[in-house]
Amino acid sequence: MISLSGIKPTSTPHVGNHLGMIEPAIALQDQYDCRYFIADYHAMTTVHDAAKMREYSHGIAAYFLAFGLDPKKCIFYRQSDLPQVCELAWILSCVTNMGLLERAHAWKAAKDRGTAGEECHGLFAYPVLMAADILIHDSDIVPVGKDQVQHVEMTRDMAERFNFTFGETFHLPQAKFNETMATIPGLDGRKMSKSYGNTINLMYAPKQLKKQIMSIVTDSTPIDQPKEYETCNVYNLYKLFATPEQCAELAEKYRTPGFGYGHAKLALYDLLMEKTEKPRQIYNDYMAHPDTLEDVLRDGAARARVKMDEVLNRARKAVGYRVN
Ligand code: ADP
Ligand code: TRP
C-alpha cells in the first residue's frame, strides 16, 4: 500500500503542519510504502526568490529527517527533481473542467477577496498538479490536514474522468486525516496558518520560539484568581504535546490563585524545548551540511522515478502518445 504526501517549502513548518501532516505521515513509514516530497513546484505560486526556494526546501528536508523520517524506509524527494509530473499535469488538465477548479477552496477564497484577476494561473491550476503528484505513484492513501481533503477528492474526480475516457489507467486514492489533529489552533485561537501570522515554529531559535509563545492570546483574568483551562489557547497547545499526567498537573495550577498565564506560557515553552532537543540538533546539523541533504534527495528522486515513469507511460499510451 502506497502512502503519498507533499508539503510546500514556503517557510519552516509550524505546529499545524507538524501535527496535521508531518508527524502522522512519518508514523506510517513502518506500515506503508511511503513516498513524501517537497512540493517546490507548488511553492512557485508564491515564492519568487531562488535563494529562499533553496533554503526553504532544505529546511523541509532537514525537518522531516530530524523528526524521524528514515530515507531508507521511505522514498523522500523534491518535486522539481522529477519534471515528469508536469507532463502528467498537462494531460490531466485536458480532462478537467474549469467548473471543477473554480470550486477549489483556494480559488474561491481569492475570488471572495476580489484578487482572482491578479492571481497567477498556477494557483488556479494547482489542484491538477496535485492530482498528478498523487496519481503518478498509484497512491492508496494521502495523509494530509483537513483543508487538503477537497484536493484529494478532486484528484479522484480527475482520475475517474480520465479512466472513463481512456480506459482504466489510474488508481483512486483516499485522503487520510486525523480528526483530533484536524485543525490546530494558532496563537490567537484561529486555525494556525502562515497566512494569519499566528504560528509556532518548533525549529525556530529558542529566543524566537519563546517570543511566539509569549504572544499567545489569553483573557484578562487577574493573577490572584483561578483560571479556566479548557478554553485557554496556552493549555490547548500544551495538551497537544504533553502526557495526561502533565496536563492534569497544569490544569490543577490553573485553578490555583497566583498562577498566571505567563507561568503557563513558560511551561509550554519548557515542554516544547524538551521535546525538540534532539530533533533540533539533527535539524541544525543538516542545515549546516546542505550537500548531505542533496545526497538524500538525489537518492530519493532516483527511486521515485521508477514508478513515476511507469505510470506516466501508462497514461501516454492511453492517450495515444509513444511510450518512452
Ligand atoms: P498554511 O496554512 O500555513 O499555509 P499549508 O497549507 O502549507 O499551511 O499546509 C501544509 C500541511 O499542513 C497540509 O497538509 C495542511 O492540511 C496541514 N496544516 C496546515 N495548517 C494546519 C492546522 N492548523 N491544523 C492541522 N493541519 C494543518
Ligand atoms: N497542496 C498541499 C498543501 O498545500 C501540498 C501538496 C502538493 C500535496 N501536492 C500534494 C499534498 C500531493 C498531498 C499530496 O499542503
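In the block above lies the structure referred to throughout.
The sections below set out a description of the structure shown in this document. (Residues numbered from 1 in each chain as written. Chains lettered and ligands numbered in written order. Predicted model: local features only at pLDDT ≥ 70, side-chain atom pairs only at ≥ 80, totals over all residues. Heavy atoms only, no water.)

### Focus: the packing of helix H12 (residues 261-275) against helix H13 (residues 277-288)
The test is simple: Between N-to-C directions, angles cover 0 to 180 degrees, with each direction set by a line fitted to C-alpha atoms, over the stretch in contact for helices. The secondary structure listing takes helices from DSSP runs of H or I that are at least 4 residues long and strands from runs of E that are at least 2 residues long, numbered from the N terminus. For classification, angles of less than 35 degrees are called roughly parallel, those exceeding 145 degrees roughly antiparallel, those between 65 and 115 degrees roughly perpendicular, and all remaining angles oblique. The criterion used for residue contact is that any of the two residues' heavy atoms lie within 4.5 Å. Each residue is assigned to one of three groups, with Ala, Val, Leu, Ile, Met, Phe, Trp, Tyr, Cys and Pro labelled nonpolar, Asp, Glu, Lys and Arg labelled charged, and all others, Gly among them, labelled polar.
At a minimum axis separation of 4 Å, H12 and H13 run at an interaxial angle of 55 degrees. On the basis of the axis angle, H12 is oblique to H13. Residues Met273, Glu274 and Lys275 of H12 pack against Glu277, Pro279 and Arg280 of H13. Considering only residue class, the contact of H12 with H13 consists of two nonpolar, no polar and four charged.

### Regarding the site of ligand 1
Counted only if it meets this: For this description, a residue counts as near a given molecule or strand if any of its non-hydrogen atoms is within 4 Å of it. In the analysis that follows, any N or O atom pair within 3.5 Å is treated as a polar contact, provided that within protein one partner can donate a hydrogen and the other can accept it, and provided that, for residues neighboring in sequence, both atoms belong to side chains. Reported accessibility uses the Shrake-Rupley method at a 1.4 Å probe radius. Residues are deemed covered only where the shown protein chains occlude them.
Taken together, 18 residues lie near ligand 1, and His14, Gly145, Asp147, Ile184 and Lys194 sit nearest. In the environment of ligand 1, an oxygen atom lies 3.1 Å from a nitrogen or oxygen atom belonging to the backbone of Gly145. Contact distances for ligand 1 include 2.8 Å between a nitrogen atom and a backbone N or O atom of Ile184. Starting from 540 Å² of accessible surface for ligand 1 in isolation, the protein chains cover 93%. Along the lines of polarity and charge, the residues of the shell around ligand 1 split into six nonpolar, eight polar and four charged.

### What about the layout of surface pockets?
So the rule is basically this: Think of a 1 Å grid over the protein atoms and nothing else: a 1.4 Å probe that fits but is trapped marks a cavity, an open set flanked by protein within 12 Å on at least five of seven lines marks a pocket, and residues with an atom within 4 Å of a point count as lining. Grid points are joined across faces, edges and corners, and a volume is the space filled by probe spheres set on the points.
By volume, the second largest pocket amounts to about 280 Å³. Those elements giving two or more residues to the lining of the second largest pocket turn out to be helix H2 (40-43), helix H4 (84-93) and helix H7 (121-135). No other element matches the six residues that H7 contributes to the lining of the second largest pocket. Of the residues contributing to the lining of the second largest pocket, the split by class is nine nonpolar, five polar and no charged.

### Details of the pattern of salt bridges
The line we're drawing: We count a salt bridge whenever a side-chain nitrogen from Lys or Arg sits within 4 Å of a carboxyl oxygen from Asp or Glu. Classification of residues uses two cut-offs on accessible area relative to the type maximum, computed with a 1.4 Å probe and protein chains only: under 20% is buried, over 50% is exposed, and between them is partly exposed.
Scanning the model with the defined rule gives 15 salt bridges in all. Put simply, Arg314 and Asp138 hold a salt bridge, and the shortest N to O gap is 2.8 Å. Linking Arg314 in helix H14 (residues 290-319) with Asp138 in the loop between H7 and strand S4 (141-143), this pair joins segments that are 176 residues apart in sequence. On the basis of relative accessible area, Arg314 is assigned to the partly exposed category, the value being 28%. Residue Lys307 pairs with Glu310 through a salt bridge whose shortest N-O separation is 3.8 Å. Note that Lys307 and Glu310 are positioned in helix H14 at a spacing of three residues, about one turn of the helix. By relative accessible area, which is 17% here, Lys307 ends up buried. Here the salt bridges share partners, and the residues they tie into one network are Asp138, Lys307, Glu310 and Arg314.

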